[in-house]
Every structure is written in structure tokens, then in C-alpha cells.
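# Understanding the architecture of this molecule
Spelled out, the chains give:
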Amino acid sequence: MGRSNKHDVTSTTPSLAIVQANPHPHKDVVPTEAPIVSSYNDHIRPLLDTVDKLRNLNVMQEGIQLPTIVVVGDQSSGKSSVLESLAGISLPRGQGICTRVPLVMRLQRSRSPEPEIWLEYGDKIVPTDEEHIAQTICAATDVIAGSGKGVSDTPLTLHVKKAGVPDITMVDLPGITRVPVNGQPENIYEQISRMVMKYIEPQESIILNVLSATVDFTTCESIRMSKQVDKTGERTLAVVTKVDMAPEGLLQKVTADDVSIGLGYVCVRNRIGEETYEEARMQEELLFRTHPMLSMINDEIVGIPVLAQKLTQIQGMMISRCLPEIERKINVKMEISVLEFNKLPIVMASTGEALMSLMDIIGSAKESLLRILVHGDFSEYPNDQKMHCTARLAEMLNRFSDNLQAQPQAVTEEFLMDEIKVLEERKCIGLPNFIPRSSFLAILSQHVDGIQDKPVEFIKEIWDYIEVVLSSVITTYSDNFPQIQSSIKRAGRNLMSRTKERSVNRVIEIVEMEKLTDYTCNPDYMTSWTQKTTSQQNFINSVLHDENKPENFALPGFGDVKISHLRKYHAHLLQQAFDMKMRITSYWTIVLRRVVDNLALYLQFSVKNLVNSQFQKEIVAEMVDPRAGGGIDRMLEESPSVASKREKLKNSLKLLKESKDVVAAIVDQNSVYADR
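Computed from a predicted structure; not experimentally measured.

### Some details on the overall build of the protein
The secondary structure content of the protein amounts to 20 helices and 13 strands. Across the protein, contacts joining residues at least 24 apart in sequence account for 78% of those joining residues at least 6 apart. Accessible area for the protein stands at about 32,600 Å²; split by element, carbon and sulfur atoms hold 52% of it.

### Digging into the nonpolar core
The tendency in soluble globular proteins is for nonpolar side chains to be buried side by side. With 87 residues, the main nonpolar core has Ile-466, Phe-539 and Leu-566 as its most contacted residues. Take this core: its biggest share by element is 24 residues, from helix α18 (residues 571-624). Beyond its immediate chain neighbours, meaning those up to four positions away, Phe-539 contacts Phe-415, Leu-416, Phe-553, Val-561, Ile-563, Leu-566 and Phe-578. Judged by nonpolar contacts, the second largest core, of 56 residues, contains Val-82, Val-210, Leu-311 and Cys-322.

### Regarding the confidence of the model for the protein
In this model, the protein carries a mean pLDDT of 82, and residues with pLDDT of at least 70 account for 86%. Within the protein, the lowest mean pLDDT, 33, falls on strand β1 (residues 18-19), and the highest, 95, falls on helix α14 (residues 453-477). Contacts of residues 1-33 to residues separated by more than four positions or lying in other chains number 70 contacts, the stretch itself having pLDDT below 50.

### Some words on helix α4 (residues 133-145)
The terminal C-alpha atoms of α4 lie 18 Å apart, and with 13 residues this matches the ideal 18 Å at 1.5 Å per residue to within 8%. Listed in full, the buried residues belonging to α4 are Ile-133, Ala-134, Thr-136, Ile-137, Ala-140, Thr-141, Ile-144 and Ala-145. Buried residues of α4 fall within an arc of 160° about the axis and therefore sit on the same side. Phi turns positive, to about 90°, at Gly-146, one or two residues after α4.

### Quick look at the packing of aromatic side chains
In the structure shown here, the tally under the stated rule is eight aromatic pairs. Their ring planes at 75° and their centres at 5.8 Å tell us that Phe-415 and Phe-539 sit as a pair that is edge-to-face. Placement of Phe-415 in the loop between α11 (389-405) and α12 (417-425) and of Phe-539 in helix α17 (residues 536-544) is noted, with a sequence separation of 124 residues between them. By the burial criterion, Phe-415 is buried, and Phe-539 matches it. Judged by centre distance (5.7 Å) and plane angle (65°), the rings of Phe-415 and Phe-558 are edge-to-face. Pair noted here: Phe-415 is in the loop between α11 and α12 and Phe-558 is in the loop between β12 (552-555) and β13 (559-562), with a separation of 143 residues, a long-range link. Since its relative accessible area comes to 8%, Phe-415 is described here as buried. Through pairs of rings, three or more aromatic residues link up here, namely Phe-415, Phe-539, Phe-553, Phe-558 and Phe-578. Just above the ring of Phe-217 sits the side chain of Lys-253; from NZ or CZ to the centre is 4.7 Å. Taking the ring centre of Trp-529 as reference, the NZ or CZ of Arg-583 above it sits at 4.2 Å.

### Some remarks on helix α13 (residues 437-451)
In this model α13 runs 22 Å from its N-terminal to its C-terminal C-alpha over 15 residues, within 8% of the 21 Å that 1.5 Å per residue would give. Listed in full, the buried residues belonging to α13 are Ser-439, Phe-440, Leu-441, Ala-442, Ile-443, Leu-444, His-447, Val-448 and Ile-451.

### A word on unusual backbone geometry
Here the phi dihedral of Ser-76 falls at roughly 65°; this positive angle occurs in a residue that is not glycine. Note that Ser-76 resides in the loop between β3 (68-73) and α3 (79-87). Residues other than glycine seldom take positive phi values, yet Lys-242 does so here, at roughly 55°. Structurally, the position occupied by Lys-242 is in the loop between β10 (236-241) and α7 (250-256). For Lys-242, a relative accessible area of 28% translates into the label partly exposed.

### What about the pairing of β12?
Of the two faces of β12, only the one carrying Phe-553 and Leu-555 is buried; Asn-552 and Ala-554 on the other face are not. Between β12 and β13, which pair antiparallel and follow one another directly, the connecting turn spans three residues, one of which, Gly-557, has a positive phi of 90°.

### A short note on the pattern of salt bridges
The full count for this structure, using the stated rule, is 24 salt bridges. The closest approach of N and O atoms between Glu-395 and Arg-392, which form a salt bridge, is 2.8 Å. Here Arg-392 and Glu-395 lie together in helix α11, a separation of three residues that amounts to about one turn. Residue classification places Arg-392 among the buried residues on the basis of a relative accessible area of 18%. Among the ionic contacts, a cluster of salt bridges with common partners joins Asp-449, Glu-512 and Lys-515.

### Some thoughts on the pairing of strand β6 (residues 124-128)
Taken together, the five bridges between strand β5 (residues 116-121) and β6 define a ladder with antiparallel strand orientation. Bridge assignment links Glu-120 to a residue of β6, and that residue is Ile-125. In textbook terms, the turn of a hairpin is the stretch between consecutive antiparallel strands, and for β5 and β6 this stretch comprises two residues, one of which, Gly-122, has a positive phi near 60°.

What counts and what doesn't
Residues numbered from 1 in each chain as written. Predicted model: local features only at pLDDT ≥ 70, side-chain atom pairs only at ≥ 80, totals over all residues. Heavy atoms only, no water. Helix = DSSP H or I, 4+ residues; strand = E, 2+ residues; numbered from the N terminus. Contact = heavy atoms within 4.5 Å. Areas by Shrake-Rupley, 256 points an atom, 1.4 Å probe, with all protein chains shown as cover. Core = buried A, V, L, I, M, F, W, Y, C linked by side-chain atoms within 4.5 Å. Buried < 20%, exposed > 50% of the residue type's maximum accessible area, 1.4 Å probe, protein only. pLDDT = per-residue confidence, 0-100. Expected span 1.5 Å × (residues − 1). Arc of directions from axis to C-beta. Phe/Tyr/Trp six-rings, centres within 6.5 Å; stacked < 30°, edge-to-face > 60°. Lys NZ or Arg CZ within 6 Å of the ring centre and 35° of its normal. Pairing = 2+ DSSP bridges. Salt bridge = Lys/Arg side-chain N within 4 Å of Asp/Glu carboxyl O.

Written out as C-alpha cells, the structure reads:
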């Protein structure tokens, strides 16, 4: 089968050539280029530069994901070997688990002929060189994950600044293993699975799935995991390693695509033993050109140079596709950060400025309370039902009214006996058909005593609710001044305590007034009393003159009432007791309604007075009073939490602004790639 000579390692670009470390001191150092550089053309390079600049700015700490090549595979599938072949550097190799932490490889071009290589983890920076990269990585891994076989989610970053190396970042993750071996933790599979999913789940990640030619692809854990987050395979590229160990059927595997790899396959031969990178590439080219089975595979999907070219092109297209969304996220994040920054309090330099700020806080809180407590405007709290105050107050008043008017009258089980007892004890010399006013007031007082706790409980409930509302509003408007927030809230509680005490006293007066007089101008009283007294004569006749001596009498408005116990009393006493019963019943309905009306009017008045007159005046007075532990002076001292938030937002805005400029410089140049 004819094949092109596209893997000829002599076709290098001088300006991109790099010198590899020579593991054989007795051999001449041979200048070669890292394969990924071969496909690093001028059109894609600006895209990769842009992403690397964003990565250097740490834009990911703002929650903005960047396109990243993530290398995954089952244990011993050859992941690290693929990476070192791509980058031209040596990584830890050996039996069992080689990569135990996420290894972030950041390659950066340098004009210096001398390479700079260092590791970074935590707050440590460890310099190294090409010859000792593997040992340094192993030592750093032991520090992060321990010297055993355990893994850690803490990343280890390898920086390589070297002439001709492209600016690109790749992440090598620990190999996936189901069964713990050689001292690995029992939950090693769960630990690695969580780590892998964390890195491959973002839609910006390019999944480089490394598969060994010696296994059935459909059984690979790395395939199962990548399909969970990339069902169509549109951002997954498969690399088949160890092709020289299992060439039989490989062509069918990569062409049948039983596992839906959207970006296709690349078959490679990794460096073996002490081969130099150039020797490994020459052997790879020879293998795919001369092997009877492997030579059948299309030369467009074989070799490290092809893999490098595909990765670079794929990453370029992914960056082009993601840049508009990255730009949008940066803008949204900037808008949010600007809003948060503008909400921070102005740093004040004098007591006068502090007092003005305090007045602004209290004034804004007052306006908010006026809207929700008086005007019924809930636009500030559309979804918080407890802050829809006029509606809640109306509900509480209606419940109180229903409960109060449903309260049974304080009477004995025997009809008219309360009235008879009062009349007998308060009788005096005079005409028999007059009801002593003192008797009526005594009965009225008994009724009032029976309900006097209800209005007091109601007004306490009202002010407890309003106190919660007031505290919530104060918290909202003083949030930028945590150093005085507790003082303002304490002043608010003191105000509510005084208001509640005044209100309770006023309600007690309202109730007590009902004991002092029996007056109403409401015509319903006479109408009701007249209707009820029409049954008086029939009632007296049934008690004293009915030969059948009935036990009960059907009295309109009262139902069947017992009357047998009344036959021992004189007719004039029964007439007085019946009349007083009808009068107190008619009048009591008016009393209850009047109590509800008075409390409703007083509630409206006192709430409005609290917001309009008392709130601002009394809270400000307490805040500026040194004897009350006023907090004006403390406003001059910015709290540590606000200072920290201010600094964090300033740094975030600076980072986002620089990131926005970086993206703006390149996004217009990528319309061509976005359409591909």
C-alpha cells in the first residue's frame, strides 16, 4: 500500500526547532523539534496565546472555564508517554500507577537558549532541568499525595519555558483503575473517578482519551466516563497506544468506531526504553510504513506528528467556538462585580461624613418601611410573603376579629341567673320596673373581663411581627456597614420595645373604657333590642303560667333555653332579668365591633406614626448618643470583612478587565474558525 512520507522527521521548521535532552551521554546531541510544534502554525498560535494569557491571569478563579486538553485513560494505557512524546520532555514512567496527581503541563515559548523548567504546587516553586524532570515530579507528588500509592486532587503544575515550545496547556490525570493493587487505597476508583469527572465535565475541555490497542475499547472505563459528559463524542479524540503489541484487528477497531469517538482516532507508537525522541519517531514512521497490518491504516490517523496536528487544530477550533461565550461570561462577571463594588460603603474620613451615611441608611430604611407597611408596595420583596406587610396585617386583624366575636359570653349554664343575681344584689328602694344602671354595668364588666386579654395578645403579636420586618429592612440597608449594623438593630429593638409598651397600655385603656359607660349612637342597638324583647311576655307566661310546666322555651337568637329553675322568682324580677339580658346581648355585639374598629384605627395610626415620626428620629438619636454606645465613630473604621471584600473585588475587576482586553484583541479574528 502506497503511503506518503509525511512522518519524515527531517522536514523541520528551523525557527521552531528545539533541542531535546540527551539521555545517552555517549551519543551526539541531535537537534529535533517537539512534534506538536510542527503543526503550530501562525493562524492557530494567536488563539493558543490568548488562552494561555487568560490562564496566566487566573481567569478560571472567576469561574470562567478555558479550553483545556485533558488526558484520560485506564491505568497503564500509556497516557504519560503520549504527553512526553507530544512535548518532548521526560515524565515519570514505570509499572503500576505513574501519575497520582493532576499534572498540569504549561509549555511556554522563550527566546532564551537556556530552558527554564520548574514545578509549582501550593506556595512552593521547585526549579529543575530536562534531565531531572521525572525525579522532581516524583518527589513533588510524594509531598502532595504521600509516598505510598494514594492519589490527590491537588494539582501539580509543570512550567516549561523553552525555545520553540508552543504556549499550550495539557493536563495528565491518574490512570483509572477499578481494583486497588500494590497498596492503593480501597476507594482508589472513586477518588480517581471524581477527579476525572471534575476535569472532563466542562464543555470547554478537549478529552484526549488514551486507549491501549491490547484491550477491547468498549470495556474501557475512560470511554464510559467520557461518554457520560460527551455523549456524541464531539470533543473527544482517541489515541491508540501499544499498536506494535496488538496489530491484529486494529484497523477494524478504529474504523468501526463502536464507542462513538466524534473527533476520530490516532494510532501511535510511544518511545520505548532509552530511545531518544528522534529515534522513537523514526521507529514509529518505519512501523506504520512497513508492518503488514499497521501499514493498512490510513496515514492520516497514525503517528505522533498527526496527533499533534489534530490536537492543535481541534484546540484552535474549540477556542474559536468558546471565545464568544468566554467574552460574554467575562462581561457578565464584570457587571456583577461592578455592582457589588458600587454597593460597598464609601471610605469616610470624618464624623460628618459618617453621620451623613447613617442618615442615608436610616432614610432608605424608612422609605422601604413606608412602602411595605403603609403603602402596600411590595416590589422590593416580590417573592418574600412575610414582607407583604399590609396584607399580613389585614390577615391578622381579620383573625382577631373572628376570634373575638366567636368568644362565648361569660354566662352560667342556667338562663338569666347571672342577671338575677346581679339584680338582687344591687336592688334598691324604687319603682320595680326600672333596671338599676349599676346592675347593667356590672354585667357588662363581667363580659369585658372575659375578653380583655385578647386585644392585648393581638397587639403584642402585631408588634412582634413588625419588629421582625423592621429588623430585616435594617439588615438590608446597613449590610455595607457591619461595624455598626448590630448597633442600628439594637436601636431598632429598643424602639420597638417602647412602641409595644405604649401600644399595650393604649389597648388596655380602650378595653377598660368599655366598662365605664353603656353608650352607643349605633341604631342597630335599639333595633336589635326591640326585636329580642317581643318574646318577653310569651317567655314570662311559659315560665309562670303554663299548666304543662315546660322544661325549655324556644327563644329566638338563643335556641332552647332551660326555664324550670326560674319558676320560683317573681314576675317583675324575671321581666327585669329578661330585659337586661336582651339589652346586654344587643349592646355586646356593638362593643366587640367597636373594640375591633378602635384597634384597627389605632394600629393604622401607630404604624404610620412609627415610620413617619419615630423611626428615623429615635434611632439616629440613640446612634449619636455616647451614653447609648453610639456607633458613629465606628463607621470611620472599615470592618475587616468589608476591607477584604473591597480588595477582592478590586483584584477581580482588574483581572476581568485585563482578560476582556485579551479576548477583545483576538475575538474578531476568529470568525472564520467559528464558521467551520
